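What follows is the residue order along each chain.
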Amino acid sequence: MRFLFKTDYEDDIKLFPHSGYFVSYGILLALLLIAPYVLSSYLMSQLVFVCIYATVGVALLILTGFTGQASLGHAAFLAIGAYTAAYLQKYNVPFPVYFLAAGLLTGCIGAMVGFPALRLQGIYLVIATISFALIVEEVLARWESVTNGNEGMRVKTLSLLGVAVPRDSPTFYFLCLAVLVLTIVGTLNLLRSPTGRAFVAIRDSETAARSMGINVALYKVKSFAISAAITGFAGVLFAHKLSFISPEMFTLQLSIEFIIVILIGGSFSLHGAVLGAIFIVMIDPFLTYLKDDMPGIIAGIAAAFGAGAQGAAQSRVAAFASLNGLKGAIYGIIIVLFVLFEPLGLYGRWLKIKLFFQLFPLYKRATFKRQKIYVKSERNR
C-alpha cells in the first residue's frame, strides 16, 4: 500500500501522482501500440470505435461531469464535425486543415448554443439540447446543396501528408488513438488549470462560485465550446471510419449512447469514459452473437440432453435478438441499474474495491455515500 503525503501545491496538481502511473500507463500504451499486429481486423475496427466514442465521452465529461451542464445534443456536434470534413474534402482541402476547421466550427456553434442555455438548468437544459439536436438533424436533411440531404455524402479515404490512410489500416487506428490520448492529456491539464477548477466550482455550487468571483456565464459558454470542439474532432474520424454519412446516423439515440458512456464509466473520471466506450461498442457484437451464434449453442445443449424442441428454441432466440426495440430497451435497463445501484459507474466501483483493500478491516460501507447536509445558501444553486 502506498500513502502519498502532499507537502505543497505542486503535489496536488501533478499529472502523475507517483511513478507507478508511468509504469502502468506505459504498459497499457505498449499493448495498444502492438494491438494492430496481433488482433484481427474486426477487433481493430472495434478498437477504432472505442477511441472515437471515448473521445466524445471525454468531451461530454468536460460539460456534464466537470461543469454540471446536462446535454443530449452531442450527436449534433458529431454530425457537424463529420459533415464539415466531407464538405471540405470536395474542394481538396488537406486533412490537417479540415480537421482543425471542423473543431473550430463545432466549437463556435457550441458557444452559440451555450449562450441561450445560460438561463436553463436541469431538465430544461436537457430539453434545449434535444431541440438543438433535432434542428441540426433537420438542417442536414433539408440543406441538400451542402449535405445532399437524405441521400447522404461519401467520405473519401483520408490522405495524410500525401499518403492514403485507409479506414482499416493500422495508421488510421494510430491516428484515432493519438487523438484520444491527446484529448485525455489535454483535459487533465485543463482540469489542473484555473479554468478547469472554475468548471468544478460551478458544478459543485454556482452560488459559491459567484461568491469567489467566477464569471459563471463565461465559463459555462467556455465549457460548451470546448466540449463541442472535441466532439467535432471525433466527428471527422467518425466520418472517415464509416466512409458514408447521412442525417439518420446522428439521431437522439446516438446522444443517449454518449450519455451512457459516461454513466457506465463514471461521471467524474476520464478512465471511466474509456470503460464506458468499450461497453457501448460491445453492445452490437453481443446482439449479433445472440442472433447468429446463440441459437446454435442452445441447439447443441438441447441435443446433448436429448430435447426435441431445438428448432423452436432457436427461432425464439433469433426472433428475440432481432426485435427492433431491443437495443433501446438494453440502454434503458443499463441507465436504471447504474443510477440505482452504482451512480459512480465502473470506475467508481473500482475505487471502492481498491479502497476496501487499502483500509481493510476498517472500511465502512458509507465511505462513498454523499452527505445530504446543505447550508441555507446551497439550496439556491
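The structure we're discussing is the one just above.
Residues numbered from 1 in each chain as written. Predicted model: local features only at pLDDT ≥ 70, side-chain atom pairs only at ≥ 80, totals over all residues. Heavy atoms only, no water.

Draft legend 1. Here's a closer look at the side chain of Thr 106. By the secondary structure assignment, Thr 106 is in helix α5 (residues 95-114). Polar contacts involving the side chain of Thr 106 include one to the main-chain carbonyl oxygen of Ala 102, which spans 2.6 Å. If we skip the residues at most four places from it in the chain, Thr 106 touches Phe 77, Ile 80, Gly 81, Ala 228, Ala 229 and Gly 232. (Helix = DSSP H or I, 4+ residues; strand = E, 2+ residues; numbered from the N terminus. Polar contact = N/O pair within 3.5 Å; in protein donor to acceptor, adjacent residues only side chain to side chain. Contact = heavy atoms within 4.5 Å.)

Draft legend 2. Geometry of the packing of helix α4 (residues 74-89) against α5. Close contact between α4 and α5 brings their axes to 9 Å; oriented N to C, the two are set at 140 degrees. As for the relative orientation of α4 and α5, their crossing is right-handed in sense. Across from Phe 77, Ile 80, Gly 81, Thr 84, Ala 85, Leu 88 and Gln 89 in α4, the residues of α5 making contact are Tyr 98, Ala 101, Ala 102, Leu 105, Thr 106, Ile 109, Gly 110 and Val 113. By residue class, the composition of the contact of α4 with α5 is ten nonpolar, five polar and no charged. (Axes fitted to C-alpha atoms, helices over the stretch in contact; angles between N-to-C directions. Left-handed = near helix turned anticlockwise from the far one by under 90°. Nonpolar A, V, L, I, M, F, W, Y, C, P; charged D, E, K, R; others polar.)

Draft legend 3. View of unusual backbone geometry. Its identity as a non-glycine residue notwithstanding, Asn 92 has a phi of 60 degrees, on the positive side. For Asn 92, the location among the structural elements is in the loop between α4 and α5. Located in the positive-phi region is Asn 148, a residue other than glycine, with phi close to 65 degrees.

Draft legend 4. Local environment of the nonpolar core. Grouped together as the largest cluster of nonpolar side chains are 76 residues, with contacts concentrated most on Tyr 53, Leu 78, Phe 132, Ile 245 and Phe 250. The biggest single contributor to this core is helix α3 (residues 41-65), with 13 residues. Residues contacting Ile 245, with those up to four places away along its chain left out, are Ala 82, Tyr 83, Ala 86, Gly 152, Met 153, Val 155, Ala 239 and Phe 250. In this structure, Ala 59, Ile 62, Ala 209 and Val 216 belong to the second largest nonpolar core, which totals twelve residues. (Core = buried A, V, L, I, M, F, W, Y, C linked by side-chain atoms within 4.5 Å. Buried < 20%, exposed > 50% of the residue type's maximum accessible area, 1.4 Å probe, protein only.)

Draft legend 5. Structural view of the packing of α3 against helix α12 (residues 252-265). Look at α3 against α12: their axes get within 9 Å of each other, and the N-to-C directions meet at 75 degrees. Viewed along their axes, α3 and α12 adopt a mutual orientation that is roughly perpendicular. Here α3 contributes Tyr 53, Val 56, Gly 57, Leu 60, Leu 61 and Thr 64 to the contact with α12, which in turn contributes Leu 254, Glu 257, Phe 258, Ile 259, Val 261 and Ile 262. When the residues that make up the contact of α3 with α12 are grouped by side-chain class, the tally is nine nonpolar, two polar and one charged. (Parallel < 35°, antiparallel > 145°, perpendicular 65-115°, else oblique.)

Draft legend 6. Structural context of the packing of aromatic side chains. Considering all chains together, one arrives at twelve aromatic pairs under this definition. Between Tyr 53 and Phe 258 the ring centres are 5.5 Å apart and the planes differ by 65 degrees, which places this aromatic pair in the edge-to-face class. Of this pair, Tyr 53 sits in helix α3 while Phe 258 sits in helix α12, and the two are 205 residues apart along the sequence. Each member of the pair Tyr 53 and Phe 258 is classed as buried. Each ring, one from Phe 77 and one from Phe 132, has its centre 5.1 Å from the other, and the planes form 40 degrees; the classification is tilted. (Phe/Tyr/Trp six-rings, centres within 6.5 Å; stacked < 30°, edge-to-face > 60°.)

Draft legend 7. Just the environment of Val 136, in detail. Mapped onto the fold, Val 136 is located in helix α6 (residues 123-142). Since its relative accessible area comes to 11%, Val 136 is described here as buried. Each C-alpha atom, one on Val 136 and one on Ile 80, is 8.2 Å from the other, the two residues being 56 residues apart in sequence. Excluding anything up to four places from it in sequence, Val 136 contacts Ala 76 and Ile 80.

Draft legend 8. Spatial organisation of the side chain of Thr 195. Considering the arrangement of structural elements, one finds Thr 195 in helix α9 (residues 194-204). Discounting chain neighbours no more than four positions away, the residues touching Thr 195 are Leu 190, Tyr 219 and Lys 222.

Draft legend 9. Inspection of the pattern of salt bridges at higher detail. Enumeration over the complete set of coordinates arrives at five salt bridges. Salt-bridge contacts for Glu 138 lead to Arg 142; the nearest nitrogen and oxygen are separated by 2.8 Å. Separated by four residues within a single helix, Glu 138 and Arg 142 lie in helix α6, roughly one turn from each other. Owing to a relative accessible area of 63%, Arg 142 belongs among the exposed residues under this scheme. One salt bridge connects Arg 203 with Asp 204, and the closest N-O pair in it is separated by 3.1 Å. Each member of the salt-bridge network shares a partner with another, and the members are Glu 206, Arg 210 and Lys 220. (Salt bridge = Lys/Arg side-chain N within 4 Å of Asp/Glu carboxyl O.)

Draft legend 10. Quick look at the environment of Leu 104. Structurally, Leu 104 is set in helix α5. As for Leu 104 and Ile 226, which are separated by 122 residues in sequence, their C-alpha atoms are 9.5 Å apart.

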